[in-house]
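What follows is each chain in one-letter form.
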Amino acid sequence: MSEDQERVSIVLFSGELDKAMAAFIIATGAAATGMRVDMFFTFWGMSVLRKKGVKVEGKSLIEKMFGWMLPKGADRLALSKMHMAGMGTMMMKNVMKQKRVASLPELIEIAKQLGVNLHACEMSMGVMGIRREELLDEVKDIVGVATYVDDASRSKITLFI
Amino acid sequence: MSEDQERVSIVLFSGELDKAMAAFIIATGAAATGMRVDMFFTFWGMSVLRKKGVKVEGKSLIEKMFGWMLPKGADRLALSKMHMAGMGTMMMKNVMKQKRVASLPELIEIAKQLGVNLHACEMSMGVMGIRREELLDEVKDIVGVATYVDDASRSKITLFI
Amino acid sequence: MSEDQERVSIVLFSGELDKAMAAFIIATGAAATGMRVDMFFTFWGMSVLRKKGVKVEGKSLIEKMFGWMLPKGADRLALSKMHMAGMGTMMMKNVMKQKRVASLPELIEIAKQLGVNLHACEMSMGVMGIRREELLDEVKDIVGVATYVDDASRSKITLFI
């Protein structure tokens, strides 16, 4: 990673399938052209980073409730519009598959291969009681707002999604 | 368009009246001060670009469904809050008219006159089965994410709305 | 305020607790590192700036309706997800308190102490019939889109939340 490399900084605040896809499409598109991309996952966006089938002991009731209510990983997210009790989301996924658009889990895999940095928000993890072992191995580190600000201030493109 | 001109790059992902208005108010405000403005319409934001009364033959059932479900153009969008089965949106439109705030179709016209570039997202059009002839004549071109990234990386202001 | 100071420009369009908190966490985080931060409140984001218990005479019916429907200040906002008729929002506020995360009113106070500039949107105030005396004393001024564009074009980080 050279100092001269142009950078992109994306906050993913939303936990919806369409917004997460938009974030990863821009991230992988930018990384493919040689830019350095850092994605910061916070609040509902943490859902995208959840690993499936991980059980963690010793959570408080309220932490368990967050665990039940938030989507369990990238393939469980819903659309922000036209979700229609799951029908719309399923329909959209099928159309995308048919039209050969990469799915969100595939986009995450591509992002990894292109060297996109995935950062999890320390405060969100604290509030929701999420542990490191519940997150995808692809997550690079757990950071605070100071890291985000420092990174974003060096970036050509800064987005909040 | 000179190379020295300062640039603004706006992604309009949302298909809601209030967010579309915010995007166009910023776009026209920036263009009025002499900046070059590029707007990229994607996902639900494609609704803003739909031309009224166009019938296209040969669409698949699923493409027809997208056509029925998405708002048919800039004057059919709803508010993201207080839509209240159309009453809130109508009320807001009336208040804006009364207070002499430009409507969304008027803002699009102003954007055109100020030379704002409207770009439609290739992938969204593919997924939703939208054809070029269904889009406003004001749309400059149909582009992919690489074009967006290249443009945004040259811009002073980059927004995702 | 020196000309060399790096700048951050944030539009807060949303009137939801979680998005407003995210905006203020980034704003105070950036200000704490010595950056100049300007926040522009528009549309539903105006709710954050409302002072409690102010009665203004001479409003039209429609202006009164906006007053009733919009949240009355920073401590009345709801979550964008999991609001659940107030239960989810209350739960989130309790967890945050317990984990020693600053509340939104506290974040506004910190922002003030760090010199973050809060700007209210002229057009939104006009449309919703909000008067200066209904806004927090912390609000620096009431500005139009030209001021926003000028400010954002000088900023390293530009966000729309």
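For the structure, see preceding data.
All of the points below concern the structure found in this document.

Procedures and definitions
Residues numbered from 1 in each chain as written. Chains lettered and ligands numbered in written order. Predicted model: local features only at pLDDT ≥ 70, side-chain atom pairs only at ≥ 80, totals over all residues. Heavy atoms only, no water. Helix = DSSP H or I, 4+ residues; strand = E, 2+ residues; numbered from the N terminus. Rg over C-alpha atoms; globule rule 2.2 N^0.38 Å. Buried < 20%, exposed > 50% of the residue type's maximum accessible area, 1.4 Å probe, protein only. Arc of directions from axis to C-beta. Least-squares fit on C-alpha atoms with pLDDT ≥ 70 in both. Contact = heavy atoms within 4.5 Å. Salt bridge = Lys/Arg side-chain N within 4 Å of Asp/Glu carboxyl O. Patch = residues over 30% accessible without salt bridge, like charges linked within 9 Å, V, L, I, M, F, W, Y side chains within 5 Å. Areas by Shrake-Rupley, 256 points an atom, 1.4 Å probe, with all protein chains shown as cover. Lys, Arg positive; Asp, Glu negative; His and termini not counted. Charge placed at Lys NZ, Arg CZ, Asp CG, Glu CD. Polar contact = N/O pair within 3.5 Å; in protein donor to acceptor, adjacent residues only side chain to side chain. Buried area = accessible area lost by both parts, 1.4 Å probe. Pairing = 2+ DSSP bridges.

**Structural notes on the overall build of chain A**
Along the backbone of chain A there are 6 helices and 5 strands. Ordered by position from N to C terminus, the α and β elements of chain A give β-α-β-α-α-α-β-α-β-α-β. The C-alpha radius of gyration of chain A comes to 16 Å, within 12% of the 15 Å expected for a compact globule of 161 residues. In terms of overall dimensions, chain A has C-alpha extents of about 45 × 40 × 25 Å along its principal axes.

**Some points on helix H2 (residues 61-69) of chain A**
Residues and elements named next belong to chain A. Buried residues of H2: Glu-63, Phe-66 and Gly-67, and no others. The arc enclosing the buried residues of H2, seen along the axis, measures out at 100 degrees, which places them on a common side. Summarising the geometry of H2, the exposed residues directed more than 90 degrees from the buried face are Leu-61 and Trp-68.

**Examining the relation of the copies chain B and chain A**
Between chain B and chain A, the superposition needs a rotation of 120 degrees and an axial shift of 0.0 Å, giving an RMSD of 0.0 Å. Such a combination of turn and shift is consistent with a three-fold rotation axis. Take the interface residues of chain B: only 17% of them recur as interface residues in chain A, which is what a contact between different surfaces looks like.

**Some details on the relation of the copies chain A and chain C**
For the match of chain A to chain C, the screw axis carries a shift of 0.0 Å, the RMSD comes to 0.0 Å, and the turn is 120 degrees. Taken as a fraction of all interface residues of chain A, those also at the interface in chain C reach only 17%, which identifies the copy contact as different-surface.

**A look at the pattern of salt bridges**
Within this structure, the stated rule accounts for 30 salt bridges over all chains. Between Lys99(B) and Glu63(C) there is a salt bridge; the shortest N-O distance is 2.8 Å. With Lys99(B) in the loop between helix H3 (87-98) and helix H4 (104-113) and Glu63(C) in helix H2 (residues 61-69), this residue pair bridges two chains.

**As for the environment of Ile26(A)**
Turning to its location among the elements, Ile26(A) is positioned in helix H1 (residues 17-32). A relative accessible area of 6% places Ile26(A) in the buried class. Once the C-alpha coordinates of Ile26(A) and Leu159(A) are considered, the two residues, 133 residues apart in sequence, prove to be 10.0 Å apart. Apart from residues lying up to four places away in sequence, Ile26(A) is in contact with Ile10(A), Leu159(A), Val145(B), Tyr148(B), Val149(B) and Phe160(B).

**A short note on a positive patch on the surface**
Residues and elements named next belong to chain A. Residues Lys-55, Lys-72, Arg-76 and Lys-93 make up a contiguous surface patch of positive charge. Structurally, the position occupied by Lys-72 is in the loop between H2 and helix H3 (87-98). Judged by relative accessible area, which is 35%, Lys-72 ranks as partly exposed.

**Notes on the side chain of Asp38(C)**
Residue and element names in this part refer to chain C. Along the polypeptide, Asp-38 turns up in strand E2 (residues 36-41). With relative accessibility at 0%, the residue Asp-38 sits in the buried group. Here Arg-36 takes part through its side chain, which lies 2.8 Å from a polar atom of the side chain of Asp-38. A distance of 3.1 Å separates the side chain of Asp-38 from the side chain of Asn-117, its partner in a polar contact. Once residues lying within four places of it in the same chain are set aside, the contact partners of Asp-38 are Arg-7, Val-8, Ser-9, Ile-10, Asn-117, His-119 and Asp-151.

**Focus: the interface of chain B and chain A**
Taken together, the contact between chain B and chain A spans 23 residues of the former and 28 residues of the latter. The contact between chain B and chain A buries some 2,300 Å² in all, and 79% of this surface belongs to carbon and sulfur atoms. On the chain B side of the contact with chain A, Trp44(B), Val127(B) and Phe160(B) bury the most area, a combined 26% of that side's loss. Taken together, the connections running from chain B to chain A amount to 2 salt bridges. Linking chain B with chain A are 5 residue pairs in polar contact (both at pLDDT 80 or more), by the criterion used here. Among the secondary structure elements, those contributing two or more residues to the side of chain B that touches chain A are helix H2 (61-69), helix H5 (122-128), helix H6 (145-152) and strand E5 (157-160) of chain B.

**Observations concerning the side chain of Asp18(B)**
With respect to the helices and strands, Asp18(B) occurs in helix H1 (residues 17-32). Buried and unpaired, Asp18(B) has Lys19(B) as its nearest opposite-charge partner, separated by 6.8 Å. When sequence neighbours within four positions are dropped, the list of residues in contact with Asp18(B) reads Leu79(B), Ser80(B), Lys81(B), Phe13(C), Phe43(C) and Trp44(C).

**A short note on the pairing of strand E1 (residues 7-12) of chain B**
Residue and element names in this part refer to chain B. Of all the 6 residues making up E1, 6 are buried; the element is thus mostly covered by neighbouring parts of the structure. Here E1 shows no split at all, with Arg-7, Ser-9 and Val-11 on one side and Val-8, Ile-10 and Leu-12 on the other all buried. As paired strands, E1 and strand E2 (residues 36-41) are joined by 6 bridges and run parallel to one another. From the neighbouring strand, Leu-12 faces E2, where its bridge partner is Phe-41.

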